[in-house]
Amino acid sequence: MTYLLKLHPEITIKSRSVRQHMTRCLASNVRNTLRQREPDVRVKASWDALRVGLPETLPPERERELEESLTRIPGIHEVLATQEVACGSLEEAAAWIVPHWAPAIAGRRFRVRAKRRGEHAFSSMDLERHLGAALLAAEPSATVDLKHPEVVVSVELSGRRLQLIRSRRPGLGGYPLGVQGEALALVSGGFDSPVAAWRMLRRGIKTHYLFFNLGGPAHEAGVREVTHHLWQRYSASHNVDFTSVPFEGVVAEILRSIPDGLMGVILKRMMVRVASRIAERANIPVLVTGDAIAQVSSQTLANLAQIDAASERPILRPLVTEDKQEIIDTARRIDTARFAEQMPEYCGVISKRPHTRAPADQVLAAEAAFDFSVLEAAVEAATVTRANRLGEKARAPGEVTVVDGPDDLVERPAVSVIDIRRPDECEEAPLSLPDVPCLEIPFYELQEQAQHLPADREYLLYCDQGVMSRMQALHLADRGLDHFGVYRQAASG
């Protein structure tokens, strides 16, 4: 099988030298992508298209898999499955075309669009008229419509070889990956950030990934999975990095030292500071986030300006004007929504009364009390993984004991419950378990204090929804502290 890959229209309007450069890059990207799965793929670039040849012995299911890959490579407008046959006359052309296209034009408006190269006794217009008449004779329910056809019968004749177009599929469009430089995308595993990264990939930008770990191994495992999926599906032609920064210590310092209303904005400012440092090391010129105006309190125009002020790199926001439903629809289309739907919400730094227009002087005054050595420690502890290895290294988080309701607690002789909510939350709604020892250790101090608790007891962590407590228990288990579980009030489900 041979495929004809049509260039995205924005490539075809470039100057001759730019177009040639982009076409060469696209050809290289197609080779790099397909040869990871099939070494004998052949790719040839021409002025207006790329031709991809697959081995004739390829099983049909393998061929369909490679064809699907072609539709996801940036820079390709259409993927045409073609077949070349010997043809030297108008009659031979009609004998090949009519059986294939007659069923497709039944009851519909159509036109024939023919391209002819080489020496022939007829013109391209002659070929179009002859084939149109033959198709009408074979399928009288069809009608010719040269301006607004429902079906376009595409024919290419080069010398004595007629190229039949057996199927036509839309490509991803955009520019070939790598021709527009590099970016560092901040990803969290929700709906927004993978869609933002995908939009950059589609515009030809080689995109690396930066993750701030706020919830331990369970959080990272989910984000590694969606990042690997995004890389493998849309940008496997290039090697990129996935950087993970442990940010729980930064969260703890924010909760200790920053006023409630400013916590969200300052958390984002800390993130872009670190992102700028990492981008500088890798010589990456811009950052990318999934922010959309007014989606949350930190994403008002005033607060976005405060966040930008903390970054040494420009911040691009591909989703800045999109509605949430538009973002979710795109996530479903690119197949990242299923990861977001399974990703637990991180509930650690949520201001109760957040500033929607955080004053610059208050932000700077609040940050004066922040211990920036914590931020430096997070940068030094960052780890880097190549995207093609994320699938190998990612592991599913383990399971921890979950106890529902006080009735099950009485059956556990040596057990304590640790309320890991913030102190103000504990004060507003105290946890009352008369027959069970209860401790109050905020989640941001738990990892440090847990190692000093007696190991001959079982500790069950409690928070309002059970999400933070499970993340923390998994994080402790990852460190070898496997006597921690989760306690959930029966009413919370």
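Structure first, text after, so check above.
The following paragraphs examine the structure supplied in this document.

In this model, A294 sits at a positive phi of 70°, which is unusual for a non-glycine residue. Given a relative accessible area of 54%, A294 falls into the exposed group. Non-glycine residue D335 carries a positive phi angle of around 70°. With respect to the helices, strands and loops of the structure, D335 is situated in the loop between α11 (324–333) and α12 (337–342). Owing to a relative accessible area of 24%, D335 belongs among the partly exposed residues under this scheme.

We now examine the sheet that holds strand β2 (residues 42–45). Spatial strand order, β2-β3-β1-β4-β8-β7-β5-β6: eight strands in an open sheet with mixed pairing. Edge strands, defined here as strands with exactly one partner in the open sheet, are β2 and β6 (143–144). Pairing of strand β7 (residues 151–158) with strand β8 (residues 161–170) involves four bridges; the strand directions are antiparallel. Within the sheet, the bridge partner assigned to L157 lies in β8 and is L162. Helix α2 (residues 16–34) rests against β1 (2–7), β2, β3 (49–53) and β4 (76–86) of the sheet, and its axis sits at about 20° to β3. Taken strand by strand, helix α5 (residues 124–138) contacts β5 (109–117), β6 and β7, and its axis lies near 145° from that of β5.

This paragraph deals with the sheet that holds strand β17 (residues 438–440). The sheet built from five strands is open, its strands ordered β15-β19-β18-β16-β17 with parallel pairing. At either end of the open sheet lies a strand with only one pairing partner, and these are β15 (402–404) and β17. The sheet shows a mean angle of 30° between the axes of neighbouring strands, direction not considered. In this structure, strand β18 (residues 458–462) lies alongside strand β19 (residues 484–488), joined through three bridges in parallel fashion. Opposite L460, over in β19, you have G485 as the bridge partner. Helix α19 (residues 467–478) contacts β18 and β19 of the sheet and is inclined by roughly 170° relative to β19.

We now examine the pairing of strand β16 (residues 415–419). Among the five residues that make up β16, five are buried, leaving the element largely enclosed by the rest of the structure. Residues V415, V417 and D419 line one face of β16 and the alternating positions S416 and I418 line the opposite face, and both faces are buried. Across five bridges, β16 lies against β18 in parallel orientation. In the sheet register, I418 faces β18, and the bridge partner there is L461.

Let us look at the packing of aromatic side chains. Within this structure, the stated rule accounts for six aromatic pairs. Note on F211 and F242: the rings are 6.2 Å apart at their centroids and 20° apart in plane angle, and the pair reads as stacked. With F211 in strand β10 (residues 206–213) and F242 in strand β11 (residues 241–246), this residue pair connects regions lying 31 residues apart in the sequence. Each of the two residues, F211 as well as F242, counts as buried. Seen in terms of ring centroids, Y462 and Y487 are 6.1 Å apart; in terms of plane orientation they differ by 45°. Their pairing is tilted. Taken together, the positions of Y462 in strand β18 and Y487 in strand β19 put the pair 25 residues apart, joining distant regions of the chain. Per residue, the accessibility class of Y462 equals that of Y487, and both read buried. Cation over ring: R16 sits above W47, and NZ or CZ is 4.9 Å from the ring centre. In this structure, R19 packs its charged tip against the face of W47, placed 3.9 Å from the ring centre.

Here we come to the pattern of salt bridges. As a working rule, side chains carrying opposite charge can pair if their charged atoms are close by. This structure, assessed with the given rule, holds 33 salt bridges. A salt bridge links E376 to R277, with the nearest nitrogen and oxygen atoms 3.1 Å apart. Here R277 lies in helix α9 (residues 263–281) and E376 lies in helix α14 (residues 372–380), a separation of 99 residues in the sequence. In this structure, E458 and R412 form a salt bridge, with 2.9 Å as the shortest nitrogen-oxygen distance. Of the two residues, E458 sits in strand β18 while R412 sits in the loop between α16 (406–409) and β16, which places them 46 residues apart along the sequence. For E458, a relative accessible area of 19% puts it in the buried group. Taken together, the shared-partner salt bridges in this structure form one network comprising K6, R51, R117 and E156.

Where β2 lies against β3, four bridges are found, and the strand directions are antiparallel. Its bridge partner lying in β3, R42 is registered against G53. As consecutive antiparallel partners, β2 and β3 are separated by three residues.

Let us now look at a nonpolar patch on the surface. Taken together, the side chains of L136, V144 and L146 present a nonpolar region at the surface, about 250 Å² in accessible area. By the element assignment, L146 lies in the loop between β6 and β7. Residue classification places L146 among the exposed residues on the basis of a relative accessible area of 57%.

Here the focus is the nonpolar core. Core analysis: the largest hydrophobic core is formed by 58 residues, its most contacted members being F247, I254, I418 and F484. It is α9 that contributes the most residues to this core, eleven residues altogether. Ignoring sequence-local partners within four residues, the contact set of F484 consists of V400, I418, A450, L453, Y459, L461, A473 and L476. Among the nonpolar cores identified, the runner-up in size contains 35 residues, and L177, A185, F242 and A387 belong to it.

Interhelical geometry of α9 versus helix α13 (residues 360–368) gives an angle of 70° and a closest axis separation of 11 Å. Relative to α13, the element α9 is oriented roughly perpendicular. Residues I266, R269, M270 and R273 of α9 touch α13, and the partners they reach there are V363, L364, A366 and E367. When the residues that make up the contact of α9 with α13 are grouped by side-chain class, the tally is five nonpolar, no polar and three charged.

Rules of the game
Residues numbered from 1 in each chain as written. Predicted model: local features only at pLDDT ≥ 70, side-chain atom pairs only at ≥ 80, totals over all residues. Heavy atoms only, no water. Buried < 20%, exposed > 50% of the residue type's maximum accessible area, 1.4 Å probe, protein only. Helix = DSSP H or I, 4+ residues; strand = E, 2+ residues; numbered from the N terminus. Pairing = 2+ DSSP bridges. Contact = heavy atoms within 4.5 Å. Axes fitted to C-alpha atoms, helices over the stretch in contact; angles between N-to-C directions. Phe/Tyr/Trp six-rings, centres within 6.5 Å; stacked < 30°, edge-to-face > 60°. Lys NZ or Arg CZ within 6 Å of the ring centre and 35° of its normal. Salt bridge = Lys/Arg side-chain N within 4 Å of Asp/Glu carboxyl O. Patch = residues over 30% accessible without salt bridge, like charges linked within 9 Å, V, L, I, M, F, W, Y side chains within 5 Å. Areas by Shrake-Rupley, 256 points an atom, 1.4 Å probe, with all protein chains shown as cover. Core = buried A, V, L, I, M, F, W, Y, C linked by side-chain atoms within 4.5 Å. Parallel < 35°, antiparallel > 145°, perpendicular 65-115°, else oblique. Nonpolar A, V, L, I, M, F, W, Y, C, P; charged D, E, K, R; others polar.

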